[in-house]
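Summary of structural features
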Amino acid sequence: MSILSEMNNSDHKTEGMDISRIREELKNSVFGNRIVYHEVTDSTNTRAKELAGAGVPHGTVIVTEEQLAGKGRLDRKWVSPRARNLMFSMVLRPDVKVDQVFFLTMLLALSVRDALKDVLDVVALIKWPNDIYVSGKKTGGILAEFSVCENQVEHVIIGLGLNVNWYPKKEPTVLYPCTSLMRETGFPVERSSLLVEILLRFEKNYQAGILEKGTWNVFQKQWNACSYVLGKHVVVRNGMENIAGKAVEIDGAGALIIRDNLGKESRILWGDVSVETIQAP
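Everything in this summary refers to the structure shown in the same document.

Parameters at a glance
- Residues numbered from 1 in each chain as written.
- Predicted model: local features only at pLDDT ≥ 70, side-chain atom pairs only at ≥ 80, totals over all residues.
- Heavy atoms only, no water.
- Helix = DSSP H or I, 4+ residues; strand = E, 2+ residues; numbered from the N terminus.
- Buried < 20%, exposed > 50% of the residue type's maximum accessible area, 1.4 Å probe, protein only.
- Contact = heavy atoms within 4.5 Å.
- Areas by Shrake-Rupley, 256 points an atom, 1.4 Å probe, with all protein chains shown as cover.
- Pairing = 2+ DSSP bridges.
- Axes fitted to C-alpha atoms, helices over the stretch in contact; angles between N-to-C directions.
- Core = buried A, V, L, I, M, F, W, Y, C linked by side-chain atoms within 4.5 Å.
- Salt bridge = Lys/Arg side-chain N within 4 Å of Asp/Glu carboxyl O.
- Phe/Tyr/Trp six-rings, centres within 6.5 Å; stacked < 30°, edge-to-face > 60°.
- Lys NZ or Arg CZ within 6 Å of the ring centre and 35° of its normal.

1. What to know about the overall build of the protein
Tallying secondary structure elements over the protein gives 6 helices and 12 strands in all. In the protein, which comprises 281 residues, the proportion classed as buried is 52%. Contacts spanning at least 24 positions in sequence make up 67% of the contacts within the protein whose residues lie at least 6 apart. Accessible surface for the protein amounts to roughly 13,100 Å². Of this, 49% is attributable to carbon and sulfur atoms.

Right, here's the structure in full:
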């Protein structure tokens, strides 16, 4: 089945994903026999954390059609109508240190970017630290959470919310201008196929990054190359403090480096800030 539907936008129905076909297409993948499907749930990250605590294996994926309490970073609400978008979370058990968890977010963001380019010819950029942007508007977000025991990462939960077949409207709960893949391509997108494409690319990147750690620098270069904020003047809100300057790099630990008008550089760590692009003076 083509990832682009032949039906007109007005005829698009809110049909559920084909979980049997997803499992079949992923049968040779670590994810193949580990797809957990909910028609409705509070949050896929919440379900993933519960399952991770119960000992489910690496590669378990929780997928839903509707979230009643979807969330993003800083406990912001994730808005999504039923059976229109892509919402899933992964349980990972990587052999990484705490300061390397950010790379897993980076790998998922790159996997989404590659899938959109390869199968939909949609160019996506990554807004530090975890948003997917298309045509200058937010299209998706990634939320990573993890459990640590004595500085050892026990498991990592990474969730993705991606606007697929939804025409976002201006709502009080929507903080940024949004778009969707259907709006950008002009056609509904087959969500089951898109999920498979993203997971397969993530598995390939994960194996390269975790098992062959010398490739981390390559992924860092890719992340910088497709950044939405680098080269722009930004405002970083860090608690009560606002830091303004030009975004110049995302370093090897995932921190954003910005340079103010006097040439002073500030290093902003993952999870501590929100970033908003502004017009340069």
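2. A closer look at the sheet that holds strand β7 (residues 152–162)
Sheet architecture is open: 7 strands sit in the order β1-β2-β3-β7-β6-β5-β4, paired in mixed fashion. Of all strands in the sheet, those bounded by a partner on one side alone are β1 (35–41) and β4 (125–127). Neighbour to neighbour, the strand axes of the sheet diverge by 20° on average, direction disregarded. Pairing geometry for strand β5 (residues 131–134) and strand β6 (residues 137–149), over 4 bridges, is antiparallel. The residue bridging I132 from the neighbouring strand is G140, located in β6. Here helix α3 (residues 101–120) sits on the sheet in contact with β3 (86–92), β4, β5, β6 and β7, set at roughly 30° to β7.

3. What about the nonpolar core?
With 65 residues, the main nonpolar core has F88, M90 and I198 as its most contacted residues. Counting residues per element, this core draws most heavily on α3, at 13 residues. Not counting the four nearest positions on each side in its chain, M90 is found in contact with F31, T60, V61, L108, V156, I157, I158, L199 and F202. Within the second largest apolar cluster, 6 residues are counted, among which are A48, A52, I62 and I157.

4. Quick word on the pattern of salt bridges
Applying the stated criterion across every chain yields a total of 17 salt bridges. For R21, the salt bridge identified is with D18, shortest N-O distance 3.8 Å. Several salt bridges converge on common partners, so that one network encompasses D18, R21, E25 and E190.

5. Some words on the packing of aromatic side chains
Going through the model one piece at a time under the given rule, you end up with 3 aromatic pairs. Relative to W223, the ring of F102 lies with its centre 5.8 Å away and its plane at 65°, an arrangement referred to as edge-to-face. Of this pair, F102 sits in helix α3 while W223 sits in helix α6 (residues 216–225), placing them 121 residues apart in sequence. Residue F102 is classed as buried on the basis of its relative accessible area, which comes to 3%. For W223, a relative accessible area of 1% puts it in the buried group. Between F202 and Y206, the ring centres sit 5.9 Å apart and the planes meet at 35°, which makes this aromatic pair tilted. Highlighted residues: F202 and Y206, both in helix α5 (residues 191–211), separated by 4 residues, approximately one helical turn. One exposure class covers both F202 and Y206, and it is buried. Positioned above the aromatic ring of Y228 is the side chain of K232, whose terminal nitrogen or guanidinium carbon lies 3.6 Å from the ring centre.

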